[in-house]
Amino acid sequence: MNGGPSGFNNAPITRTFVVACCLFTILFGIQGRSNKLGFSYQDIWKKLQIWKLIVSVFAFSSTPELMFGAYLLYYFRVFERQIGSNKYAVFVSFSIIVSSLLQIFAQAFLRDPALRMLTSGPYGLIFSSFVPFFFDIPVSTRFRVSSISFTDKSFIYLAGLQLLLSSWKRSLIPGLCGILAGSLYRSNVLRIRRLKFPEFIASFFSRLSLPSVGGTSSSAPPPRNAPSLATRHVEANYGGPMPSALEPPEDSIATLVSMGFDRNSARQALVHARNDINAATNILLESQAH
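Note that the coordinates shown come from a computational prediction; the quantities given were computed from them, not determined experimentally.

(A) Structural view of the pattern of salt bridges. For the structure shown, the criterion picks out four salt bridges. Linking Lys169 and Asp112 is a salt bridge whose minimum nitrogen-to-oxygen distance equals 2.9 Å. With a gap of 57 residues between them, Lys169 in helix 9 (residues 169–186) and Asp112 in the loop between helix 6 (85–110) and helix 7 (123–136) connect regions that are remote in the sequence. A salt bridge links Asp136 to Arg186, with the nearest nitrogen and oxygen atoms 3.2 Å apart. Within this pair, whereas Asp136 is found in helix 7, its partner Arg186 is found in helix 9, the two being separated by 50 residues in sequence. What makes Asp136 partly exposed here is its relative accessible area of 36%. What makes Arg186 partly exposed here is its relative accessible area of 30%.

(B) Representation of the packing of aromatic side chains. On inspection of all chains with the given rule, the structure shows 22 aromatic pairs. On the numbers, 5.8 Å between centres and 65° between planes, the contact of Phe76 with Phe133 is edge-to-face. Here Phe76, found in the loop between helix 4 (63–75) and helix 5 (77–83), pairs with Phe133, found in helix 7; they are 57 residues apart in sequence, far enough to count as distant. The pair formed by Phe76 and Phe133 is uniform in burial state, with each residue classed as buried. Aromatic side chains Phe143 and Phe155 sit 6.1 Å apart centroid to centroid with 20° between the ring planes, which places their arrangement in the stacked category. Here Phe143, found in strand 1 (residues 142–145), pairs with Phe155, found in helix 8 (residues 154–164); they are twelve residues apart in sequence, far enough to count as distant. You can call Phe143 partly exposed: its relative accessible area is 29%. Three or more aromatic residues joined by ring pairs form one cluster here, namely Phe60, Tyr75, Phe76, Phe79, Tyr123, Phe127, Phe130, Phe133 and Tyr157. Arg77 extends its terminal NZ or CZ atom over the ring of Tyr74, reaching a point 3.9 Å from the ring centre. For the cation-ring pair, Lys153 lies above Phe133, with the distance from its terminal atom to the ring centre recorded as 4.6 Å.

(C) Region of the structure containing the packing of helix 1 (residues 12–30) against helix 4. Following both chains from N to C, one finds helix 1 and helix 4 inclined at 170°, their axes separated by 9 Å at the closest point. Relative to helix 4, the element helix 1 lies roughly antiparallel. From helix 1, Thr14, Phe17, Val18, Cys21, Cys22 and Thr25 reach across to helix 4, where they touch Leu66, Ala70, Leu73 and Tyr74. Partitioned by chemical class, the residues of the contact of helix 1 with helix 4 number eight nonpolar, two polar and no charged.

(D) Focus on the side chain of Lys153. Here Lys153 is to be found in the loop between strand 2 (148–151) and helix 8. Despite its burial, Lys153 pairs with no opposite charge, the nearest such side chain being Asp152 at 7.3 Å. Of the polar contacts made by the side chain of Lys153, one reaches the backbone oxygen of Ile137; its length is 2.7 Å.

The rules we used
Residues numbered from 1 in each chain as written. Predicted model: local features only at pLDDT ≥ 70, side-chain atom pairs only at ≥ 80, totals over all residues. Heavy atoms only, no water. Salt bridge = Lys/Arg side-chain N within 4 Å of Asp/Glu carboxyl O. Helix = DSSP H or I, 4+ residues; strand = E, 2+ residues; numbered from the N terminus. Buried < 20%, exposed > 50% of the residue type's maximum accessible area, 1.4 Å probe, protein only. Phe/Tyr/Trp six-rings, centres within 6.5 Å; stacked < 30°, edge-to-face > 60°. Lys NZ or Arg CZ within 6 Å of the ring centre and 35° of its normal. Axes fitted to C-alpha atoms, helices over the stretch in contact; angles between N-to-C directions. Parallel < 35°, antiparallel > 145°, perpendicular 65-115°, else oblique. Contact = heavy atoms within 4.5 Å. Nonpolar A, V, L, I, M, F, W, Y, C, P; charged D, E, K, R; others polar. Lys, Arg positive; Asp, Glu negative; His and termini not counted. Polar contact = N/O pair within 3.5 Å; in protein donor to acceptor, adjacent residues only side chain to side chain.

Next comes the structure, spelled out in structure tokens:
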């Protein structure tokens, strides 16, 4: 299972976040300070080490955590494509702020010496994203290995579990706080889901981050009434106009649209794939390669 078309097209905030995590982790890893970057309210509020507020959000404490964390952030770019960068920026901010506050409360009330310094990294954002992933991303493939059943979502859950237990209590608490923050966002506490940042926020991140692999976000969209390139390619390769006998389910169309595909192209690909979402995804990806 992938998060839609490859690259960071239409996901400038995710791209900036992944690049920042890599740079911060590598920089502090070279300096040998990775183990001192964990979230600690004693260091931040009592010793006034305010810089840790920023560093603890971006820098992972080890290379394996960076690998799993960057992979999950990259996959979850599908949500930025789905709701738009301006609303996604609200989700990112809410997840980080709320999960950080919850971590402070956990450290203050649990009084466990092992939790004096929690592991660093964007655990709040990553595990908040598991909430919409669980509820909004459907299972499209099921398979078995020996006697164990898997779905195309299993690998994402396994990567999250590895990250969640990477430092035992020190990573478990930030992960659980992130899940709670994501649940609060989904429940629309304080009507948070209605908010969005101004348009220039997304434009700023688009200019700030590196060019996307596989295309740039500056390319002009096709005219509203003109058939898309993907639609024309699908028609050319699969026999002219689309048959109308098999009207695709709306949830399948919505799934492909959430991955960044054009709605009309997604519908017609599903028609040709006889509503097989995996085959439709392959058709759309093939069309983008031309």
